[in-house]
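Examination of the molecular architecture
These are the residues of each chain, in order.
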Amino acid sequence: MNNKESDSQDEPPDSFEQHSPAATWPVAGEGVGGRPLAPSSSTASTCINTPSTTPTIVGPVPEIRQAEIGVTESVIASVGQEKSDAGPCRCAEKLEAAVEGDVDEKCLKGEEPVEDYYPDGGFRAWKTVAAVFLLVCCTNGYALSWGLFASELKRTTQKDVPISVIHLSNGLCSFVVSCVSFVAGRLADKYGYKRVIAASIICTFLSLVASAFVSFSLAGLFLVQGALLGFSQGLGMAPMVSLPSMWFFKRRGFATGLAASGGGVGGCFASLIVRAMLPRFGYSHTLLIYASINLVVQVAAWCVIEVREIESVKLQNRTAKSWLPKGVWHDSAWYSLMGCLLVGFMGFLSVFFYITPYTQLKCPKLDPSSLQAAVPLIIANLMSAFGRIFAGLLCDRLGPVNTLCLSFFLGGFFQLSIWPNAQTFGTIVAFGALYGFVASWFFSLMPVVCAQLFGMGNLAAMTGFGMLMTGPGQFAGAPVAGTLLSSSGGNYNYVAFYSGSLMIGGSACLLIARFGREKRVFKKF
C-alpha cells in the first residue's frame, strides 16, 4: 500500500480534477479553486500586451505556496500564448519571477510597463515619428513665423491699428488651439487619431485660404485667422504630439523631442520663405502659397502615420466616464503642472513676437525689408528644433519633470539677464539662439510629463488639457507685453522683466509636483 502511494506521487496526474482545490492551477480569469481573481489582476494587464485567449497548461502542475498565490494569480492573468508587439510573451519566465518575488512592484500595480511592452524602435515606430515631425513642422511653423505676417499687415492694410491688437488676432488663434486641444484629445482617444488629424488638415487649409482674403478687415482677421484657424489646428495638435509615446518607453523623451523639433524647423523655413515672398507677392498671395505647401506636406505625413493600439489603454479610454484619469482633480501634482503651464507660458512668446522689431530698433542701419532683420528670429526658431531634440535626450537622463522645470527657469533667466543687455546685432542673435534652444522644450515634454505623473490612460486628453492651460498665455501673453512696450515709450526692458519673471514663476509652480512625487533632490524624475 505504501509502495502504491509512493508510485502515484511520482507520476503526473491525468487531469486537474485529481488535485485538491488548494492545489488547482488557476487559469486566466479565475483564481485558486475557481474563485475570481483579485482586483489587482485587472491592472496587471498593463504589464504585458496579450490576447484574450486562455493559455493551455500542459504537464505536471507545480506546488504553489499559499503566501505567493496572490502574486501568481496576477501574473497568470497577464500572460498568453501569442506574441506582443515587442516580441513573445515569456510566460514561464514571468511566472517564475513572480514566485521568486522578482517582479517589479510597479509593473504588478499597473503603474509602469515592463521594457518589452513597447517596441522602442523599428521601422513603423520611426516613420511615425518622422510623420509627426512634418505635421508639427507645418502647424507650429506658421505660429512661430506670425510676427512677419503681423509686420506686413501693419505696414500695408492695418496701418492705423496698434501692433499689439494685430498680435491679439494670432493670440486668439493660439487660445482656441489650446481650448480645442482638450476636446480633440478625448475624441482621438475614443474615435481614432487619424480621423481627427485628417479633419484638422482639411480645416487648416480652408482657414488659411480664407485668411488670405480678409486682410483688409480687422474683424475678419479675428474671425478667420483667430477663431477658425485656431479651431482647425487645435483638432490635430494633441493627437499629433501623443503618437510617439505609443511606440516608445525607454526612449520616449528622445522620440517625442525629435518629433516636436519639427516646430522649430518649420518656424525656421517658414520665416525664410515668408520673408522672401512678402515683399514680392504681398500678404494674400504669400499666404495662399504657404497654405498650398502646408497641405501637400501634411497629407503626405498623414499617409505615413501608424497608430499603435494598446489594448489595456484602449479599453480604459473607451469605458472611462471621465475625460481625465480618475482622481486627478484631487491630486496636487495636477494643479502644480497646470499652474506651471498657465503662468510660465504667459512669458514664453514675447521673444518670438518682438525680437524682429527690437533688432530693427537697435540696428537702424539694417534694411527693414531685408532678410537680415529677421535673422535673430530665424536662428531662434532653428535652435528651438535642436533644443527639443536635446530636451528629449536630457529627459531620458534627468526625467521629464526635472527637464520641464529647468526649461522654464532657463528661459526666464536668459530674458532677465541677456535681453536687456543685447545692444548689437551679434548679441541679439546670440540671445535668440540661447532662448530658442532652452525655452521651447515644453512642446516635446508635455505628453511625456503627463505619462510620467498620471500614466498612459487618456494621454491625448491630458495633453490637450495641458495645452488648454497655455491658452491664456498664448492669447494675452504677447499682447500684454505689447501694451507694456507702448506705455513705456518703446522700452523693451519692461517686456524682458515681465516675460522673464513669469517663466521663472512657472518653474517654481512645478516644484510642488516634483517634490510631492519625489523628495530626493538629485533623483531622476
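Within every chain, residues take consecutive numbers counted from 1 along the sequence as written. In view of the model being predicted, local features appear only for residues whose pLDDT reaches at least 70, and side-chain atom pairs are presented and counted only at 80 or more, with totals across whole chains, interfaces and linings using the full set of residues. Hydrogens and water molecules were not included; the side-chain quantities draw on all heavy atoms of the structure.

With that settled, consider the overall build of the protein chain. Here a helix means four or more residues in a row that DSSP labels H or I, a strand means two or more in a row labelled E, and each is numbered from the N terminus. Counting secondary structure elements, the protein chain contains 22 helices and two strands. With 525 residues in all, the protein chain has 53% of them scored as buried. Note on definitions: a residue-residue contact is assigned when non-hydrogen atoms from the two residues lie within 4.5 Å. Within the protein chain, contacts between residues separated by at least 24 positions form 83% of all contacts whose residues are at least 6 apart in sequence. Only the protein chains shown count as cover for residues, with accessible areas throughout obtained via the Shrake-Rupley method and a probe of 1.4 Å. As displayed, the protein chain offers around 22700 Å² of accessible surface, 63% of which is attributable to carbon and sulfur atoms. Accessibility here uses a 1.4 Å probe with only protein chains present; expressed as a share of the type maximum, an area under 20% marks a residue as buried, one over 50% as exposed, and anything in between as partly exposed.

Oppositely charged side chains may form a pair once their charged atoms are brought near each other. Salt bridges are defined as contacts in which a side-chain nitrogen from Lys or Arg sits within 4 Å of a carboxyl oxygen from Asp or Glu. Under the definition given, this model contains five salt bridges. Across the pair Glu306 and Arg124 runs a salt bridge whose closest N-O atoms are separated by 2.8 Å. Here Glu306 is found in the loop between α12 (262-304) and α13 (311-319), whereas its partner Arg124 is found in helix α6 (residues 123-144), with 182 residues between them in sequence. Judged by relative accessible area, which is 43%, Arg124 ranks as partly exposed. For Arg517, the salt bridge is made with Asp331, and the minimal N-O distance between the two is 2.5 Å. Of this pair, Arg517 sits in helix α22 (residues 492-517) while Asp331 sits in the loop between α13 and α14 (332-344), and the two are 186 residues apart along the sequence.

This paragraph deals with the packing of aromatic side chains. The criterion for an aromatic pair is that two Phe, Tyr or Trp rings (for Trp, the six-membered ring) have centres within 6.5 Å, with stacked assigned to planes under 30 degrees apart, edge-to-face to planes over 60 apart and tilted to the rest. All told, the structure shown has 18 aromatic pairs when counted by the stated rule. With a centroid separation of 5.6 Å and 45° between ring planes, the pair formed by Tyr142 and Phe149 is classed as tilted. We note that Tyr142, like Phe149, is buried. Look at Tyr358 and Tyr492: their rings are 5.0 Å apart centre to centre, the planes differ by 75°, and that puts the pair in the edge-to-face class. Of this pair, Tyr358 sits in helix α15 (residues 350-362) while Tyr492 sits in helix α22, and the two are 134 residues apart along the sequence. Judged by its relative accessible area of 3%, Tyr358 is buried.

Before going further, it helps to examine the layout of surface pockets. Empty space left among the atoms is revealed by rolling a probe the size of a water molecule over them. The way it works is a 1 Å grid over only the protein atoms, where trapped points that fit a 1.4 Å probe form a cavity and open points with protein on both sides within 12 Å along at least five of seven lines form a pocket, and then any residue with an atom within 4 Å of a point lines it. Grid points are joined across faces, edges and corners, and a volume is the space filled by probe spheres set on the points. Of the voids in this model, the second largest pocket is the one considered here, and its volume is about 500 Å³. Forming the boundary of the second largest pocket are 25 residues, of which Gly147, Ser151, Glu152, Arg275 and Gln360 lie nearest the centre. Those elements that provide at least two residues to the lining of the second largest pocket are α7 (146-155), α8 (163-191), α12, α15 and α21 (471-487). Classification used: nonpolar for Ala, Val, Leu, Ile, Met, Phe, Trp, Tyr, Cys and Pro, charged for Asp, Glu, Lys and Arg, polar for all others including Gly. When the residues that make up the lining of the second largest pocket are grouped by side-chain class, the tally is 12 nonpolar, nine polar and four charged.

Axis angle and axis distance: for two packed helices, these are the angle between their axes and the distance between the axes, and together they describe the pair. In this description, a line fitted to the C-alpha atoms serves as the axis of each element, helices being fitted only across the stretch in contact, and the angle between N-to-C directions of two axes falls anywhere from 0 to 180 degrees. As a packed pair, α6 and helix α11 (residues 252-260) sit with axes 7 Å apart at the nearest point and diverge in direction by 35°. Judged by residue contacts, Trp126, Val129, Val132, Phe133 and Val136 of α6 engage Phe254, Ala255, Leu258, Ala259 and Ala260 from α11. The class makeup of the residues in the contact of α6 with α11 is 10 nonpolar, no polar and no charged.

Now for the side chain of Arg388. Following the sequence through the fold, Arg388 ends up in helix α16 (residues 375-398). One buried charged side chain, Arg388, makes no salt bridge at all; its nearest oppositely charged neighbour is Asp396, positioned 16 Å away. Separated by 3.4 Å, the side chain of Arg388 and the backbone oxygen of Ser440 make a polar contact. Residues contacting Arg388, with those up to four places away along its chain left out, are Asn140, Leu144, Gly257, Ala260, Ser261, Gly263, Gly264, Ser440, Trp441, Phe443 and Ser444. Positive charges are assigned to Lys and Arg, negative charges to Asp and Glu, while His and the chain termini are left out of the count. Whenever two N or O atoms come within 3.5 Å, that pair is a polar contact, provided that in protein one can donate a hydrogen and the other can accept it, and provided that, for residues adjacent in sequence, both atoms are side-chain atoms.

Now for the side chain of Asp331. According to the relative accessible area criterion, Asp331 is buried, its value standing at 16%. Among the polar contacts made by the side chain of Asp331, one reaches the main-chain amide nitrogen of Ala333 at a distance of 3.0 Å. Polar side-chain contacts of Asp331 include one of 2.5 Å to the side chain of Arg517. Not counting residues within four places of it along the chain, the set of residues in contact with Asp331 comprises Phe454 and Arg517.

This structure, assessed with the given rule, holds four cavities of 30 Å³ or more. By volume, the largest cavity is sized at about 290 Å³. As for the largest cavity, its lining consists of 22 residues, and the residues nearest its centre are Asn140, Ala143, Ser174, Phe443 and Gln474. Among the elements of the structure, α6, α8, α10 (218-247) and α19 (442-454) are those that each provide at least two residues to the lining of the largest cavity. When residues in the lining of the largest cavity are grouped by element, the largest group, six residues, is from α8. Taken together, the residues of the lining of the largest cavity break down into 13 nonpolar, nine polar and no charged.

Next up on the list: α14. To estimate how far a helix should reach, multiply one less than its number of residues by 1.5 Å. Along its 13 residues, α14 runs 18 Å from first to last C-alpha, staying within 8% of the 18 Å computed at 1.5 Å per residue. All of the buried residues in α14 are Ala333, Trp334, Ser336, Leu337, Met338, Gly339, Cys340, Leu341 and Gly344.

Right, let's talk about the confidence of the model for the protein chain for a bit. The quantity known as pLDDT measures the predictor's confidence residue by residue, on a range of 0 to 100. In the predicted model, the protein chain carries a mean pLDDT of 74, and 73% of its residues have values of at least 70. Within the model, the stretch residues 1-116 combines pLDDT values under 50 with 125 contacts to residues more than four positions away or in other chains.

Below, the discussion takes up α15. The end-to-end C-alpha distance of α15, which contains 13 residues, comes to 17 Å, matching closely the 18 Å that a straight helix rising 1.5 Å per residue would cover. Take the seven residues that end at a residue and the seven that start at it, fit an axis to each, and the angle between those axes is the bend at that residue. Within α15, the axis deviates most sharply at Thr356, by approximately 35°, and proline Pro357 lies no more than four positions further along. Considered for burial, the residues of α15 that qualify are Ser350, Val351, Phe352, Phe353, Tyr354, Ile355, Thr356, Tyr358 and Thr359.

Relative to the elements of secondary structure, Thr128 occurs in helix α6. Between the C-alpha atom of Thr128 and that of Met240, which follows or precedes it by 112 residues, the distance is 9.8 Å. Apart from the residues within four sequence positions on either side, Thr128 is in contact with Leu243, Trp247, Ile305 and Glu306. Among the polar contacts made by the side chain of Thr128, one reaches the main-chain carbonyl oxygen of Glu306 at a distance of 3.4 Å.

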